[in-house]
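Chain residues, written in single-letter form:
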Amino acid sequence: MQAVDSILSNQPGNNQQPALNIQNLVAGYEQRVLLRNLFLCLPGPAFVAIIGHNGCGKTTLFRALTGQIPYQGTVHLAGHDLRQVRRPAATGLLAHLPQRSSVGFPIEVRELVVMGRFRHHRFLSSYSKRDYELAEAALQRVGAAHLSRRDFTQLSGGEQQLVWLAQLALQDAGLYLLDEPTQQLDVYYRRRIFDLLHEWVAQAGKTILCITHDLDNLAALPGYLLNLSRPEPQLQPLSAAVVQAEREFLESEASLAVPPAR
Ligand SMILES: Nc1ncnc2c1ncn2[C@@H]1O[C@H](COP(=O)(O)OP(=O)(O)OP(=O)(O)O)[C@@H](O)[C@H]1O
């Protein structure tokens, strides 16, 4: 992870392309601008927890980054202008775990997880023994190896969430966008998932933007916090004091008095 000074000054270090560089982003719906002049520069791999009130625009930011809604401003991923990349997931630039994903047909868990290897396959080519080994290993890492042969549609919401995370890990993208990945998990798995995300950053050099309301688990993590309910959201290094200050802000009436344009 890069020096905090480098990140907070929004400057890339050592002539590298920033992992993620968002400049002057404006996005929203029709007449309603939710994100106004957002700047975010991550010189290298980092974990960023994105917090804020319901409806402040967290998922909207991900919709802009995944090309689901138009935006003004620029977004560069590892030096690539996002507007010029037709299918960022297919090129391994980013992978996205939406808030709710469902599957409408019975499927064995490992068959769903192995699909995370799609970039390494041509259309309709079958997955290899090695792909399945990688899928099993990914399930093991999220603590869900025992679910491998179960029907995905019969799992609990929390179990399904673990399976999606295993599939995501297999996609091996540079940037991961996770929308409330721990929302249905119990306390043990919440902690485990945040530890896992930290490993993805520290050991695999991934950059993670993670929308969460789970403030309790953030204080002990290395990384950064971005509170989109602030009038001018800024990256702050994660610490107990920062999390407490942002919690107090979100609990205050004043935070709801932020102009509706945000
Ligand atoms: N397609 C749409 N058209 C118009 N408004 C929308 C659309 N999608 C979402 N919104 C509105 O935009 C606002 C921001 O939505 P968004 O999903 O980004 O919130 P969020 O910060 O992720 O909230 P939460 O924490 O509840 O998930 C909400 O008020 C929502 O109703």
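Residues numbered from 1 in each chain as written. Predicted model: local features only at pLDDT ≥ 70, side-chain atom pairs only at ≥ 80, totals over all residues.

J.: Just checking my understanding: could you explain the overall build of the protein for this structure?
T.: For the protein, the count of helices and strands is eight helices and 10 strands. Relative to the 2.2 N^0.38 estimate, which gives 18 Å for 262 residues, the radius of gyration of the protein is 18 Å and therefore close to what a compact globule would have. Here the protein holds 262 residues, and 39% of them are scored as buried. Counting only contacts in the protein whose residues sit at least 6 apart along the sequence, the fraction spanning at least 24 positions is 68%. (Helix = DSSP H or I, 4+ residues; strand = E, 2+ residues; numbered from the N terminus. Rg over C-alpha atoms; globule rule 2.2 N^0.38 Å. Buried ≥ 20, exposed ≤ 12 C-beta atoms within 10 Å, placed from the backbone. Contact = placed C-beta atoms within 7 Å.)

J.: How do you make sense of the site of the ligand when you look at a structure like this?
T.: Near the ligand the following residues occur: Tyr29, Leu34, Gly52, Asn54, Gly55, Cys56, Gly57, Lys58, Thr59 and Thr60. A total of three residues in the shell around the ligand trace back to one element, the largest contributor, which is helix H2 (residues 58-65). Of the residues assigned to the shell around the ligand, the class counts are three nonpolar, six polar and one charged. (Near = placed C-beta within 6 Å. Nonpolar A, V, L, I, M, F, W, Y, C, P; charged D, E, K, R; others polar.)

J.: What should I look at first to understand the nonpolar core in this one?
T.: As a rule of thumb, nonpolar side chains are buried together in soluble globular proteins. Residues Val48, Ala166 and Cys210 are the most contacted members of the largest nonpolar core, which totals 68 residues. Take this core: its biggest share by element is eight residues, from helix H5 (residues 157-171). If sequence neighbours within four positions are ignored, Cys210 has contacts with Phe47, Val48, Ala49, Ile50, Leu178, Pro181 and Leu197. (Core = buried A, V, L, I, M, F, W, Y, C linked by C-beta atoms within 7 Å.)

J.: Just to check I follow, could you spell out the pairing of strand S3 (residues 47-51) for this structure?
T.: Along any regular strand, the residues point their side chains to alternate faces of the sheet. The element S3 is largely enclosed, with a buried count of five among its five residues. Here S3 pairs with strand S8 (residues 207-211) via four bridges, running parallel. Note that in S8 the partner of Ala49 across the bridge is Cys210. Bridge count for S3 against strand S9 (residues 224-227) is four bridges, and the pairing is parallel. The residue of S9 that forms the bridge with Ile51 is Asn227. (Pairing = 2+ DSSP bridges.)

J.: Explain the pairing of strand S7 (residues 175-179) here, please?
T.: Burial within S7 is extensive, with five of its five residues counted as buried. On S7, burial covers both faces: Leu175, Leu177 and Asp179 on one face and Tyr176 and Leu178 on the other are all buried. Bridge analysis of S7 against S8 gives five bridges, and the strand direction is parallel. When the bridges of S8 are listed, Asp179 appears paired with Ile211. Handedness of the crossover joining S7 and S8 through helix H6 (residues 187-202) is recorded here as right-handed. (Right-handed = clockwise from strand over helix to strand, strands pointing away.)

J.: So what exactly am I meant to see when it comes to the sheet that holds strand S4 (residues 72-77) here?
T.: Hydrogen bonds between backbone atoms are what pair the strands of a sheet, whose relative direction is either parallel or antiparallel. The strand order across the open sheet formed by four strands is S2-S1-S4-S5, and the pairing between neighbours is antiparallel. Each end of this open sheet is capped by a strand with a single partner; those strands are strand S2 (32-42) and strand S5 (80-81). The pairing of S4 with S5 spans two bridges and is antiparallel. Paired with His76 across the bridge in S5 is Asp81. Packing against the sheet, H2 makes contact with strand S1 (20-29), S2 and S4, and its axis sits at approximately 110 degrees to S1. (Axes fitted to C-alpha atoms, helices over the stretch in contact; angles between N-to-C directions.)

J.: I'm lost on the confidence of the model for the protein in this one. Help?
T.: Any segment with low pLDDT has predicted coordinates that should not be analysed in fine detail. On average, the protein scores 87 in pLDDT, and the residues at 70 or more come to 91%. In the model, residues 1-14 has pLDDT below 50 throughout and makes 27 contacts with residues more than four positions away in sequence or in other chains. Interface confidence in the predicted complex, given as ipTM, is 0.97; pTM for the same model is 0.89. (pLDDT = per-residue confidence, 0-100.)

J.: In this structure, what is going on with the sheet that holds strand S6 (residues 94-97)? I would like to understand it.
T.: If you trace the six strands from one edge of the open sheet to the other, you get S6-S7-S8-S3-S9-S10, paired in mixed fashion. Of all strands in the sheet, those with a lone pairing partner are S6 and strand S10 (235-237), marking the two edges. Put simply, the sheet's adjacent strands are angled 20 degrees from each other on average, direction ignored. Helix-sheet contacts for H2 involve S3, S6, S7 and S8, and the interaxial angle to S7 is about 145 degrees.

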